[in-house]
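# Structural overview
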Amino acid sequence: MYVAGVLGTGSALPEKVITNFDLEKVVDTSDQWITSRTGIKERRQAAPDETTSTLSVQASRKALAKAGIKAADLDLIICSTISPDMPLPSTASLIQHALGARGCCAFDLAAACSGFLFGMTVAEQFIRTDAAKYVLVIGAELLSRYLDYKDRATCVIFGDGVAAAVFGPVEPPSGILAHELHTEGQYADHLFIPAGGTALPASRKTVEEGAHYIKMRGNELFKVAVRSLEDVSRQVLKKAGLTADDLDLFIPHQANQRITEAVRERLGVCPEKIYNNISRVGNTSSASIPICLDECVQSGRLKKGDLVLMSAFGAGVTWGAVLMRW
Ligand code: ACO
């Protein structure tokens, strides 16, 4: 049995910045409301010629370079996204071809904001059992393409971004120590895109009604998110025989600063151990945790031997946590 860990990370954010003041001009909102209710000051928006796969390729090349791995050495590519380039084929196929990772298995994974942790867990299983040596996991979202800029409940929250990590066998005590994933479909209608699938195929009517945009019942999700993130974080710590006091870094999914603060307090993690970037990038769904991870690695905030807890919650609803020794 092998232990899986991160060999390299990389991220790619679109250049265009959308501030709260920009949004004040298009929808009935204010910088004061968005900042106080979410912690978000600005987010990124992809240019028309950028897609989920093109930004993924940029982030992946950086992660591969940091890992010292060639694309041809990859055994598996997992692209976690709910905003694919197109319904068919998978965005992972497009990334695989662009990277030149010929013949390597590649697939998309849809678990919304928890998707990167779901992808990490799949990667860990492949590496642990020697079914794969090097796995590229990407969290990639261009949610601006699914936002209704007339709906102030959603358009202020989400941003575009991509990040990737190369996973491979590492020497203990480094590596993934514990993981825990959950899904509860009874809350599926709390966050969804009604049209464009088999239930409601795209038509002139669905477009006129805006049914291809994200719909969210934010208030209901808020409560489920806080409870689930606390529970799942405690579960992985318990599995590893550790406590919140042992943590060096806590990276929660950047859904809302009030959610991450509530979870941090409930877990008893001290304020200097949490990493947040929601003010600069908004909620980038499955790209949220890997963007944070890459920023922590690049800035030296995450050092070898550190114990890091990552916890996420998203549409589905899905939630999960991964505990790893860097
Ligand atoms: N600007 C101004 N006012 C607004 C805005 C806005 N952008 N949005 C909502 N409001 C108003 C509402 O209309 C409401 O007004 P009313 O009281 O007159 O009816 C009031 O503000 C309060 O609305 P709430 O929805 O109760 O506001 P809340 O404090 O819950 O904040 C938010 C909304 C930010 C969406 C929050 O509920 C949240 O973050 N929820 C969790 C989201 C989440 O975790 N999603 C899952 C992960 S994302 C994924 O999986 C892709």
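Up top is the structure these notes are about.
## A short note on helix α2 (residues 31–38)
Those residues of α2 that sit buried are Asp31, Ile34 and Thr38. Looking straight down α2, one finds that the buried residues subtend no more than 85° of arc, so they occupy a single side. Residues of α2 that are buried in the fold lie against α1 (20–24), β3 (42–45), α9 (257–267) and α10 (278–281). Downstream of α2 by one or two residues, Gly39 has phi in the positive range, about 85°.

## As for the sheet that holds strand β4 (residues 76–80)
Strand order across the open sheet formed by five strands is β1-β7-β6-β4-β5, with mixed pairing between neighbours. The open sheet has two edge strands with one neighbour each: β1 (3–12) and β5 (105–109). In this sheet, adjacent strand axes meet at a mean angle of 20° when their direction is disregarded. Note that β4 and β5 share five bridges and pair parallel. Bridge pairing in β5 places Ile77 opposite Ala106. Where helix α3 (residues 52–67) meets the sheet, it contacts β1, β6 (135–142) and β7 (160–170), and its direction lies at approximately 125° from that of β1.

## Digging into the packing of helix α8 (residues 218–239) against α9
As a packed pair, α8 and α9 sit with axes 9 Å apart at the nearest point and diverge in direction by 40°. Here α8 lies oblique to α9, going by the angle between them. Considering the relative orientation of α8 and α9, their crossing is right-handed. Counted together, Phe222, Ala225, Val226, Leu229, Glu230, Ser233 and Arg234 of α8 and Arg258, Ile259, Ala262, Val263, Arg266 and Leu267 of α9 form the full contact between these two elements. Looking at the contact of α8 with α9 residue by residue, the class counts come to eight nonpolar, one polar and four charged.

## Overview of the sheet that holds strand β8 (residues 175–183)
Reading across the sheet, the four strands line up as β8-β13-β12-β11 and stay open at both edges, with mixed pairing between neighbours. At either end of the open sheet lies a strand with only one pairing partner, and these are β8 and β11 (249–252). The average undirected angle you get between the axes of adjacent strands in this sheet is 10°.

## What to know about the side chain of Ser11
By secondary structure assignment, the location of Ser11 is in strand β1. Judged by its relative accessible area of 14%, Ser11 falls in the buried class. A polar contact of 2.7 Å, which involves the side chain of Ser11, links it to the side chain of Asp294. Leave out the neighbours within four places in its chain, and Ser11 touches Ala59, Lys62, Val162, Ala163 and Asp294.

## A few points about the site of the ligand
By nearness alone, 28 residues border the ligand, and Thr29, Arg37, Cys113, Asn219 and Asn256 come closest of all. Within the side chain of Trp33, one N or O atom sits 3.3 Å away from an oxygen atom of the ligand. For the ligand, whose free accessible area comes to 1,000 Å², the fraction covered by protein is 75%. Breaking the shell around the ligand down by element, the ones donating at least two residues are α2, α6 (152–155), α8, α9 and β12 (307–314). Here the shell around the ligand is built from residues that sort into 15 nonpolar, nine polar and four charged.

Cut-offs and rules
Residues numbered from 1 in each chain as written. Predicted model: local features only at pLDDT ≥ 70, side-chain atom pairs only at ≥ 80, totals over all residues. Heavy atoms only, no water. Buried < 20%, exposed > 50% of the residue type's maximum accessible area, 1.4 Å probe, protein only. Helix = DSSP H or I, 4+ residues; strand = E, 2+ residues; numbered from the N terminus. Arc of directions from axis to C-beta. Contact = heavy atoms within 4.5 Å. Pairing = 2+ DSSP bridges. Axes fitted to C-alpha atoms, helices over the stretch in contact; angles between N-to-C directions. Parallel < 35°, antiparallel > 145°, perpendicular 65-115°, else oblique. Left-handed = near helix turned anticlockwise from the far one by under 90°. Nonpolar A, V, L, I, M, F, W, Y, C, P; charged D, E, K, R; others polar. Polar contact = N/O pair within 3.5 Å; in protein donor to acceptor, adjacent residues only side chain to side chain. Near = heavy atom within 4 Å. Areas by Shrake-Rupley, 256 points an atom, 1.4 Å probe, with all protein chains shown as cover.

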